[in-house]
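Examining the three-dimensional arrangement
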Amino acid sequence: MDLKINIKNDIQILGYPNELSHVCINFITNAIEALINSDIKEKKILITVKETKKDIIISIIDNAGGIDESIMDKIFEPYFTTKTKQQGTGIGLYMAEQIISFMGGKIKAKNIIHRMGTKRILKMCNV
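A few points on the structure. Since the model is a prediction, treat every value here as computed from it, not as a measurement.

**Description of unusual backbone geometry**
The phi torsion at Tyr79 lies on the positive side, around 70°, for a residue other than glycine. Tracing the sequence through the fold places Tyr79 in the loop between strand E3 (56-62) and helix H2 (92-102). On the basis of relative accessibility, which here comes to 63%, the residue Tyr79 falls in the exposed class.

Put into structure tokens, the structure is as follows:
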């Protein structure tokens, strides 16, 4: 599995470091699980942190093939999961959304075409 991290050293994120770490770990874990369950031979994750004039954007992109569009609007709901009960509770992305919202930010997921191929992306803005 190939992991690339693109972060400028001079970016400062104000907020709750432990909670933000929890959110990032959740996203990365979901990306790893999606890649493990995919037939992709060259498994890749790209983490990017960039600053715009008004936001700091954390993007976690994988090449596991995307999120099924039929469930995209449900993934941040409490207890929604595509996993079995032994594998997940459906709380991870819900809690991530709650944490980022509490910190004054927004979180979203979408499928994109990226130079790595068709990807899913989870973005946190205004953190």
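**Some remarks on the environment of Ile100**
With respect to the element layout, Ile100 can be found in helix H2. On a C-alpha basis, the gap between Ile100 and Glu19 in space is 8.5 Å, while along the polypeptide they are 81 residues apart.

**Some remarks on helix H1 (residues 17-36)**
Helix length check: H1 (20 residues) gives 28 Å between terminal C-alpha atoms against 28 Å at 1.5 Å per residue, within 8%. Those residues of H1 not exposed but buried are Leu20, Val23, Cys24, Asn26, Phe27, Asn30, Ala31 and Leu35. One side of H1 holds all its buried residues, which, seen down the axis, span an arc of 170°. Projecting away from the buried face of H1 at angles above 90 degrees are the exposed residues Pro17, Asn18, Ile25 and Ile36.

**Focus: a nonpolar patch on the surface**
Residues Met1, Ile32 and Ile36 make up a contiguous nonpolar surface patch of about 300 Å² in total accessible area. Mapped onto the elements, Ile32 comes out in helix H1. Exposure remark for Ile32: the relative accessible area of 31% places this residue in the partly exposed category.

**Brief notes about the nonpolar core**
Ranked by internal contacts, the top residues of the largest apolar core, which has 26 residues, are Phe27 and Ile75. At the level of elements, H1, strand E2 (44-51), E3, H2 and strand E4 (106-114) are the ones that each hand at least two residues to this core. The dominant element in this core, judged by the number of residues it contributes, is H1, at six residues. Among all residues touching Ile75, those that are not within four sequence positions of it are Ile67, Phe80, Leu93 and Ala109.

What counts and what doesn't
- Residues numbered from 1 in each chain as written.
- Predicted model: local features only at pLDDT ≥ 70, side-chain atom pairs only at ≥ 80, totals over all residues.
- Heavy atoms only, no water.
- Helix = DSSP H or I, 4+ residues; strand = E, 2+ residues; numbered from the N terminus.
- Buried < 20%, exposed > 50% of the residue type's maximum accessible area, 1.4 Å probe, protein only.
- Expected span 1.5 Å × (residues − 1).
- Arc of directions from axis to C-beta.
- Patch = residues over 30% accessible without salt bridge, like charges linked within 9 Å, V, L, I, M, F, W, Y side chains within 5 Å.
- Areas by Shrake-Rupley, 256 points an atom, 1.4 Å probe, with all protein chains shown as cover.
- Salt bridge = Lys/Arg side-chain N within 4 Å of Asp/Glu carboxyl O.
- Core = buried A, V, L, I, M, F, W, Y, C linked by side-chain atoms within 4.5 Å.
- Contact = heavy atoms within 4.5 Å.

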